[in-house]
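Here is what each chain is made of, one letter per residue.
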Amino acid sequence: MPTTRPKLTASRRETIAFYLTISPWLIGFFAFTLIPLVISLYLGFTRWDLFTSPRWIGLENYSRMANDPLLWQALKVTTIYTLLYVPAELIGGLGLALLVNQKVRGVAGFRTIIYLPSVLAGVAYVVLWMWIFNPQGGLLNTLLGAIGIQGPRWLIDPAWALPSLLLMTFWGWGRAMVIFLAGLQGVPVELYEAASIDGAGDWAKFRRVTIPMITPTILFTLILSVISTFQTFTSAFVATNGGPLDATLFYVLYIYRQAFQFFRMGYAAAMAWVLFIIVLSLTLFLFRSGQFWVYYEGKRE
C-alpha cells in the first residue's frame, strides 16, 4: 500500500520558513565573516607571502611586533587621533543636535544640509579636502591670506598633517547629530515641565534632565566613535599615505602595507587580531563603565 507522507505541523512550517528567510544572511556570515575570521587566526601563526604555502612559525609574528618601531608609531598615531576625535564628535554632534532640535521653520532642511556630508563617499570627500588644504592656492590658505595670515602647509607638514585629517572628519558630524537628535526627541516632555515648575533654568534642565536621559545615546555614540577611529584608513591612505615622516601612519594603514605592499600576510593577520583585541577590550570597558554613569529609564534596582 502507498505510504502517506506525514503533514508538517504549523510550528515546523514556521521554522523552515524562518531558516529559509535568514539563509542569505547565514550564507554571507559564514562565507564572508566566520570562515575568513578563522583563516586569519590561523594565518597569524604562519609566514605567508601569497605565492607560497603558509609555513607555521608559532608566535613569531606576535613577538616581532614588540620590536617593530613602525607598529608602535601606528598605535601612537591612532591613539592620539582617537583621544582627539572622540570627544570632539560627541560635543560637536550633541551641539548640532541641540541646534536642530528647535521647533522653528525650515529646521528639516537645515538637518538635511548638515547630515548630507556624512553620506559622501570616503575618497570623494578626501579629494575635496586635499584641494581645500592645498598650500598653494587652496581654499583655506586663500581665506587665511585674505586676512593677513600665512597658512601652514597642512598635509605636507608633519606637525599639521594629523590635525588636518582631524579637521576633515569634522564635517561628518552629521552622523552623530542624527543619533543624538533621536535621543533628544525621546526625552519625555513631562520632565522639562516638572523642572520648570521647580524653577529650573535652561542650563539646569540640560544638566539635570537632558544629559542623564540621553546617557544611553552618549554611550552608543562613544562606542561607535572609538571603533571607527581605530579603523581609520581612507583619509590617511588617499591624502597622505601615512606621511609625512609617518605622522599619519594609522594602524589599519600599516596592516595594509604589510599585507599588500610587502606581502607579509601572516604578520598582517597577527596585527589585525591585535587590533581586534584592543577594540574588543575598549568596547567591553566602555560597556562595563556604563553601569556607573548610564541611566536607563526602565531599569529597576
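Keep in mind it's a predicted model, so treat the numbers as computed, not measured. (Residues numbered from 1 in each chain as written. Predicted model: local features only at pLDDT ≥ 70, side-chain atom pairs only at ≥ 80, totals over all residues. Heavy atoms only, no water.)

I'm lost on the overall build of the protein chain in this one. Help?
Per the secondary structure count, the protein chain includes 14 helices and two strands. Taking 301 residues into account, the globule formula puts the C-alpha radius of gyration at 19 Å, and the protein chain, at 25 Å, lies well above it. Here the C-alpha coordinates of the protein chain stretch approximately 80 × 65 × 40 Å along the principal axes. Expressed as a percentage of its 301 residues, the buried residues of the protein chain come to 37%. In the protein chain, of all internal contacts separated by at least 6 residues, the share reaching a separation of at least 24 is 65%. Entry remark: accessible area of the protein chain is about 18,500 Å², with carbon and sulfur atoms responsible for 68%. (Helix = DSSP H or I, 4+ residues; strand = E, 2+ residues; numbered from the N terminus. Rg over C-alpha atoms; globule rule 2.2 N^0.38 Å. Buried < 20%, exposed > 50% of the residue type's maximum accessible area, 1.4 Å probe, protein only. Contact = heavy atoms within 4.5 Å. Areas by Shrake-Rupley, 256 points an atom, 1.4 Å probe, with all protein chains shown as cover.)

Would you explain helix α8 (residues 174–185) in this entry?
Every α-helix carries 3.6 residues per turn, so stepping three or four residues along brings you back to the same face. Here α8 contains 12 residues, and its C-alpha end-to-end distance of 16 Å stays within 8% of the 16 Å for a straight helix at 1.5 Å per residue. Buried positions along α8 lie against α3 (69–100), α4 (107–115), α10 (202–213) and α11 (215–230). (Expected span 1.5 Å × (residues − 1).)

Which parts of the structure should I look at to understand the packing of aromatic side chains?
Two numbers describe a pair of aromatic rings. These are the distance of the centres and the angle of the planes. Summed over all chains, the structure comprises 21 aromatic pairs. Measuring from centroid to centroid gives 5.5 Å for Phe 45 and Tyr 62, while their planes differ by 45°, and the two rings are tilted. Taken as a pair, Phe 45 in the loop between α1 (10–43) and β1 (46–47) and Tyr 62 in helix α2 (residues 60–65) lie far apart in primary sequence, 17 residues in all. For the ring pair Tyr 256 and Phe 260, a centre distance of 5.5 Å and an interplane angle of 40° mean the geometry is tilted. Of this pair, Tyr 256 and Phe 260 both sit in helix α13 (residues 251–261), four residues apart, which is roughly one turn of the helix. (Phe/Tyr/Trp six-rings, centres within 6.5 Å; stacked < 30°, edge-to-face > 60°.)

Whenever I open this one, the pattern of salt bridges confuses me. Can you help?
A side chain of one charge can pair with a side chain of the opposite charge if their charged atoms are brought near each other. Scanning the model with the defined rule gives three salt bridges in all. Note that Glu 60 is salt-bridged to Arg 47, the shortest N-O span being 2.4 Å. Of this pair, Glu 60 sits in helix α2 while Arg 47 sits in strand β1, placing them 13 residues apart in sequence. With a shortest N-O distance of 2.9 Å, Glu 89 and Arg 175 are connected by a salt bridge. Placement of the pair is Glu 89 in helix α3 and Arg 175 in helix α8, with a sequence separation of 86 residues. Relative accessible area serves as the criterion here: at 0%, Glu 89 is assigned to the buried category. (Salt bridge = Lys/Arg side-chain N within 4 Å of Asp/Glu carboxyl O.)

I keep staring at the nonpolar core and nothing clicks. Help me out?
Side chains of nonpolar character tend, in soluble globular proteins, to be buried together. Judged by nonpolar contacts, the single largest core of 61 residues is most densely connected at Leu 71, Met 168, Phe 180, Phe 250, Tyr 251 and Met 271. If you tally residues by element for this core, the top one is α3, at 12 residues. Not counting residues within four places of it along the chain, the set of residues in contact with Phe 250 comprises Ala 74, Val 77, Thr 78, Tyr 81, Leu 162, Leu 165, Thr 232 and Ala 236. (Core = buried A, V, L, I, M, F, W, Y, C linked by side-chain atoms within 4.5 Å.)

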